[in-house]
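Residues per chain are reported as follows:
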Amino acid sequence: MTQTPLLIVLLLTLSSLAYHFGRKRAFAVSGGRIRTLHSLPAYYGLYAALWAVIPALLVLALWLAFEDSVITRLVIASLPPETATLAPSRLNLVLNDIRNLVVGNIVSSEPDAAILAAADRYRDLRGISTTALFAVTLGLAAIGGWFAYGRIRPEYRSRNAVERILKGILITCSTVAILTTVGIVLSVLFESVRFFQAVPITDFLFGLDWSPQIAIRADQAGSSGAFGAVPLFAGTMLITLIAMSVAVPIGLMSAIYLAEYASPRVRAIAKPLLEVLAGIPTVVYGFFAALTVAPFIRESGGLFGLDIASESALAAGLVMGVMIIPFVSSLSDDVINAVPQSLRDGAYGMGATQSETIRRVIFPAALPGIVGAVLLAVSRAIGETMIVVMAAGLAAKLTANPFEAVTTVTVQIVTLLVGDQEFDSPKTLAAFALGLVLFFVTLALNVLALYIVRKYREQYE
Amino acid sequence: MEAQASQFMAENPEHAPARRRPAEADSATYDREHRGTVGEVRSEVPRMRCTAVNVHYGDKHAIRDVSLDVGKNEVLAMIGPSGCGKSTFLRCLNRMNDTVVGCRVSGEILLDGKDIMAPDVDVVPLRARVGMVFQKPNPFPKSIFENVAFGPRIHGLAQSQAELEEIVVSSLQKANLWGEVKDRLAHPGTGLSGGQQQRLCIARAIAIQPEVILMDEPCSALDPISTAKIEQLIDELRRNYSICIVTHSMQQAARVSQRTAYFHLGDLIEVGETDRIFVKPQHQLTEDYITGRFG
Ligand SMILES: Nc1ncnc2c1ncn2[C@@H]1O[C@H](COP(=O)(O)OP(=O)(O)OP(=O)(O)O)[C@@H](O)[C@H]1O
Ligand SMILES: [Mg+2]
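Residues numbered from 1 in each chain as written. Chains lettered and ligands numbered in written order. Predicted model: local features only at pLDDT ≥ 70, side-chain atom pairs only at ≥ 80, totals over all residues. Heavy atoms only, no water.

Right, let's get into the overall build of chain A. Summing up its helical and strand segments, chain A has 16 helices and 2 strands in all. Computed over C-alpha atoms, the radius of gyration of chain A comes to 32 Å, more than 25% over the 23 Å expected from 2.2 N^0.38 for 461 residues, which places it beyond the range of a compact globule. Projected onto the principal axes, the alpha-carbon positions of chain A cover approximately 80 × 80 × 40 Å. Considering only residue pairs separated by 6 or more positions, chain A has 72% of its internal contacts joining residues 24 or more positions apart. For chain A, the separation between the mean place of its 32 positive charges and that of its 30 negative charges on side chains is 17 Å. (Helix = DSSP H or I, 4+ residues; strand = E, 2+ residues; numbered from the N terminus. Rg over C-alpha atoms; globule rule 2.2 N^0.38 Å. Contact = heavy atoms within 4.5 Å. Lys, Arg positive; Asp, Glu negative; His and termini not counted. Charge placed at Lys NZ, Arg CZ, Asp CG, Glu CD.)

Structure, rendered in structure tokens:
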């Protein structure tokens, strides 16, 4: 609705008026002696303001959520019976025409009288709804403000009331975040269940053959529709392995250098520079991998007589490893810095050299935290999409050879969902099943990593 | 607040708290001129001999012209108000100040007649000869055995596992800890009580057979019983080692040490036989401090 911003501004104005008068009244009822008030005057103002704005905003939100469907219902009810009883898909087209007429867009067919009448009705209903919305919300704001205003007395505990309301708002926000997550997980879960009705879960988890092309026509050739995900898991693992064997040594050693050897000046420069790596968009890494690294690897492989695919697991893994370096290094850096200075002093005081101190005292002490950091990095690598889409290829091959093209879970999710497919074909639903697997693996890794990190923290507190 | 307190103190010196106070407050009441040292800084059989040692942290002159001996088989106590430079001076003796950014040490420090400040001196063998025990027990997050074996391992003192075990056992015995831990050598050192941890740190320090042991307030985090055990241990260790101990407890200094050095704002004010210092201090500042007239 186009007037919504105006309405919100009006509501906020009302609410600030409520604040002003609430405060005034608090001063008035205290008879000038603020000490006799239970709370500071501002709290009485805030109390009135919140009462004015919150119920009105709630109603506004609900109204906007249901306005359209209610109006549509009413319009359908007013259509001539032969139109109103059309199949849902056809009916939708008619409704689209009506809406387009209302906003003045081009209409697909020459409108007949019934449609024009419906469009008028639609417009009228919208007008009524808008007026009613203004009346109801502004009225509610006035009532709410007035109610709170009336309750202001010196002994009224408005501070506690305001604290309660604020707590309520915070709880609502976090609930929204949690519910959204739960909703996404549940929807992925349900779609996966639908997929497993079409393809047995054991075939999916243990099948060695992945070719998700479903025959659209019965006589179509070459579309077997096999959904064995093992090649995808293997490809993901191969690329993750390559990425980690780049990121862990380099990240860890640069963390050790930064935490133990670097002078404060070097540290102040090098650390932000490393973190810039984390700020590069993954798509940039992606085309770097596809356009620079992969050809380079293929050519240098050629010099040694190796036959390397132009899209190789190696290229994607190497670039992904570079991307994850700052992740590993900054987490490990934190962990190493958390090792108490007294342990370093103890080792130096025994005559240990710097590298002995690091190898024998600091590294073992930081190890659990470092393991946690590496696990978090692994889950990052598994979920990474852009680089592998661009550089790793699409061939679902079951191979351990890093010079061949492989594909990963995330790449397949992308390819399954782009392109024309009916939504409820197994091909599309397979994306949800893959997503579910991905979700569980990364969740398990994260939980494990956080558990390890936390356990390690407790050791020194 | 601080200013009020020092004003109050200036007017009522007998009410002054005997506890630690920051150095800044003192400087208002005493001059900042360099003060010479009274008493016998030299020892008849010195193990370490420091001459004209100065330490700077950036612009801050933390130790000024200190000359002091650590005798053979003696316990030297260092006392003085907080921030006067006791830890700083102690850390000069095994060059631990090298690890502090911005810290400069000058002067001559001899260990058995050899200058340890010379640029070509390797700190690894030096710290093996001059061990250190810290204020807060800091066992490594390893087993009790590995904690004590740490030094012998990095210095290659044991040729075989049996030899290593022998060193560990005898160090734990010397630190009066053997009886309490002999059944759980494989348990983590961090699982011991505070007093046991501190004795473990002492065992760790003596496992490399140092000649001098530096202790920076080794009992300040401990209960009286653990403190008594460590004091007894220090007395036993004196037979084989020279010991420098920083302490805030004058009773402790009186109990364990043969000589006492009183530091004040970076100056070494007075050195002497412990018995003499506590009975008949020669310098007014020393007397004020040990009679609790200011902390
Ligand atoms: N790393 C450092 N950087 C800068 N100044 C320091 C540093 N360490 C100590 N100082 C300063 O040097 C002076 C002496 O410090 P030191 O730690 O030796 O005192 P202390 O006598 O051991 O005190 P306490 O009894 O509280 O341990 C203090 O004024 C302190 O602020
Ligand atoms: Mg100190």
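Residues and elements named next belong to chain B. Around ligand 1, a shell composed of 14 residues is seen, among which S82, G83, S87, T88 and H248 lie nearest. Interatomic distance of 3.4 Å between a side-chain N/O atom of Y57 and a nitrogen atom of ligand 1. At 2.5 Å from an oxygen atom of ligand 1 is found a side-chain nitrogen or oxygen belonging to S87. In the complex, the protein chains occlude 66% of the 630 Å² of accessible area that ligand 1 would expose alone. Secondary-structure elements contributing two or more residues to the shell around ligand 1 are strand 3 (60-71) and helix 3 (86-92). For the shell around ligand 1, the element with the most residues is helix 3, which contributes 3 residues. (Near = heavy atom within 4 Å. Polar contact = N/O pair within 3.5 Å; in protein donor to acceptor, adjacent residues only side chain to side chain. Areas by Shrake-Rupley, 256 points an atom, 1.4 Å probe, with all protein chains shown as cover.)

Turning to the nonpolar core, a few remarks are in order. In terms of nonpolar packing, the biggest core is built from 83 residues, with W210(A), M320(A) and L434(A) touching the most fellow members. Per-element accounting of this core gives the leading share, 13 residues, to helix 13 (residues 354-383) of chain A. In this structure, M320(A) is in contact with I239(A), A243(A), A381(A), E384(A), I387(A) and V388(A), ignoring residues within four places of it in sequence. Core analysis: the next-biggest nonpolar cluster, separate from the first, contains 42 residues, C219(B), L222(B), L285(B) and I290(B) among them. (Core = buried A, V, L, I, M, F, W, Y, C linked by side-chain atoms within 4.5 Å. Buried < 20%, exposed > 50% of the residue type's maximum accessible area, 1.4 Å probe, protein only.)

A few words now on the packing of helix 2 (residues 41-78) of chain A against helix 6 (residues 158-198) of chain A. Residue and element names in this part refer to chain A. Close contact between helix 2 and helix 6 brings their axes to 8 Å; oriented N to C, the two are set at 40 degrees. Comparing the axis directions of helix 2 and helix 6 gives the class oblique. The handedness of the crossing between helix 2 and helix 6 is left-handed. Each of Y43, Y44, L46, Y47, L50 and I54 in helix 2 lies in contact with helix 6, whose residues at this interface are S158, R159, A161, V162, E163, I165 and I169. Of the residues belonging to the contact of helix 2 with helix 6, the class tally is 10 nonpolar, 1 polar and 2 charged. (Axes fitted to C-alpha atoms, helices over the stretch in contact; angles between N-to-C directions. Parallel < 35°, antiparallel > 145°, perpendicular 65-115°, else oblique. Left-handed = near helix turned anticlockwise from the far one by under 90°. Nonpolar A, V, L, I, M, F, W, Y, C, P; charged D, E, K, R; others polar.)

Okay, a nonpolar patch on the surface next. Residues and elements named next belong to chain A. The grouping of I178, V182, L186, L189, F190, V193, F440, L443 and V447 at the surface amounts to a nonpolar patch, some 790 Å² of accessible area in total. Elements supplying a minimum of two residues to the nonpolar patch: helix 6 and helix 16 (426-459). With respect to the helices and strands, the residue I178 is situated in helix 6. Residue class for I178 comes out exposed when judged on its relative accessible area of 52%. (Patch = residues over 30% accessible without salt bridge, like charges linked within 9 Å, V, L, I, M, F, W, Y side chains within 5 Å. Salt bridge = Lys/Arg side-chain N within 4 Å of Asp/Glu carboxyl O.)

What follows covers the sheet that holds strand 6 (residues 114-115) of chain B. Residue and element names in this part refer to chain B. As summarised here, the arrangement of the 4 strands in space is 3-2-5-6, forming an open sheet in which the pairing is antiparallel. Lying at the two open borders of the sheet, with one neighbouring strand each, are strand 3 and strand 6. Both strand 5 (residues 103-111) and strand 6 contribute to a ladder of 2 bridges, which runs antiparallel. The residue of strand 6 that forms the bridge with L110 is D115. (Pairing = 2+ DSSP bridges.)

This part covers the sheet that holds strand 9 (residues 242-246) of chain B. Residues and elements named next belong to chain B. Overall, mixed pairing links the 7 strands, which are arranged 1-11-10-4-9-8-7 in an open sheet. Across the chains shown, the open sheet's two edge strands, defined by having one partner strand only, are strand 1 (38-39) and strand 7 (130-133). With respect to the sheet, helix 8 (residues 194-206) is in contact with strand 7 and strand 8 (212-216), its orientation differing from that of strand 7 by roughly 170 degrees.

With that settled, the discussion passes to the domain arrangement of chain A. It is common to give the size of an interface as the accessible area lost on bringing the parts into contact. Parsing chain A into structural domains produces domain 1 (4-173) and domain 2 (226-456). Just the C-alpha atoms count here: the centres of domain 1 of chain A and domain 2 of chain A sit 48 Å apart. (Domains from an automatic or database assignment.)

It is worth spelling out the state of the cysteines at this point. Applying the stated criterion to the full structure yields 0 disulfides over all chains. Take C103(B): it sits in no disulfide, and the sulfur closest to it among the cysteines is that of C92(B), at 6.6 Å. (Disulfide = S-S within 2.5 Å.)

By volume, the largest pocket amounts to about 460 Å³. Lining the largest pocket are 19 residues, and of these E260(A), Y348(A), Q354(A), T99(B) and V101(B) sit closest to its centre. For the lining of the largest pocket, the secondary-structure elements that each account for two or more residues are helix 8 (230-261), helix 9 (264-279) and helix 12 (341-349) of chain A together with helix 4 (123-129) of chain B. At 4 residues, the largest contribution of residues to the lining of the largest pocket is made by helix 8 of chain A. Counted by class, the lining of the largest pocket contains 10 nonpolar, 5 polar and 4 charged residues. (1 Å grid on protein atoms, 1.4 Å probe; cavity = no way out; pocket = protein on both sides within 12 Å on 5 of 7 lines; lining within 4 Å. Points joined across faces, edges and corners; volume = space filled by probe spheres on them.)

Let's shift gears to the interface of chain A and chain B. On the chain B side, the residues contacting the 17 residues of chain A number 22 residues. For the pair chain A and chain B, the two sides together bury roughly 1,600 Å², of which 68% comes from carbon and sulfur. For the chain A face of the interface with chain B, the top three residues by lost area are G349(A), M350(A) and R360(A), together amounting to 38%. At the junction of chain A and chain B, the tally comes to 0 salt bridges. Viewed at the interface, chain B and chain A are joined by 4 residue pairs in polar contact (both at pLDDT 80 or more). Elements supplying a minimum of two residues to the side of chain A that touches chain B: helix 12 and helix 13 of chain A. In terms of residue count, helix 12 of chain A provides more of the side of chain A that touches chain B than any other element does, 7 residues in total. Tallied by class, residues from the side of chain A that touches chain B come to 8 nonpolar, 6 polar and 3 charged. (Buried area = accessible area lost by both parts, 1.4 Å probe.)

Our focus in this paragraph is the environment of D275(B). Residue and element names in this part refer to chain B. With respect to the element layout, D275 can be found in helix 11 (residues 274-279). Taking the relative accessible area as the measure of exposure, D275 reaches 63% and is therefore exposed. Measuring from C-alpha to C-alpha, the distance between D275 and R199 comes to 27 Å, with 76 residues separating the pair along the chain.

For the rest of this paragraph, the subject is unusual backbone geometry. In this model, N176(B) sits at a positive phi of 55 degrees, which is unusual for a non-glycine residue. Along the chain, N176(B) turns up in the loop between helix 6 (161-174) and helix 7 (178-181).

What follows is about the packing of aromatic side chains. Tallying each qualifying case throughout the model produces 12 aromatic pairs over all chains. Each member of the aromatic cluster is reached from another via a ring pair, and the members are F195(A), F196(A), F204(A), W210(A) and F227(A). Stacked on the ring of F327(A), the Lys or Arg R380(A) has its end atom at 5.5 Å from the ring centre. When the ring centre of F140(B) is taken as reference, the NZ or CZ atom of R204(B) above it lies at 4.2 Å. (Phe/Tyr/Trp six-rings, centres within 6.5 Å; stacked < 30°, edge-to-face > 60°. Lys NZ or Arg CZ within 6 Å of the ring centre and 35° of its normal.)

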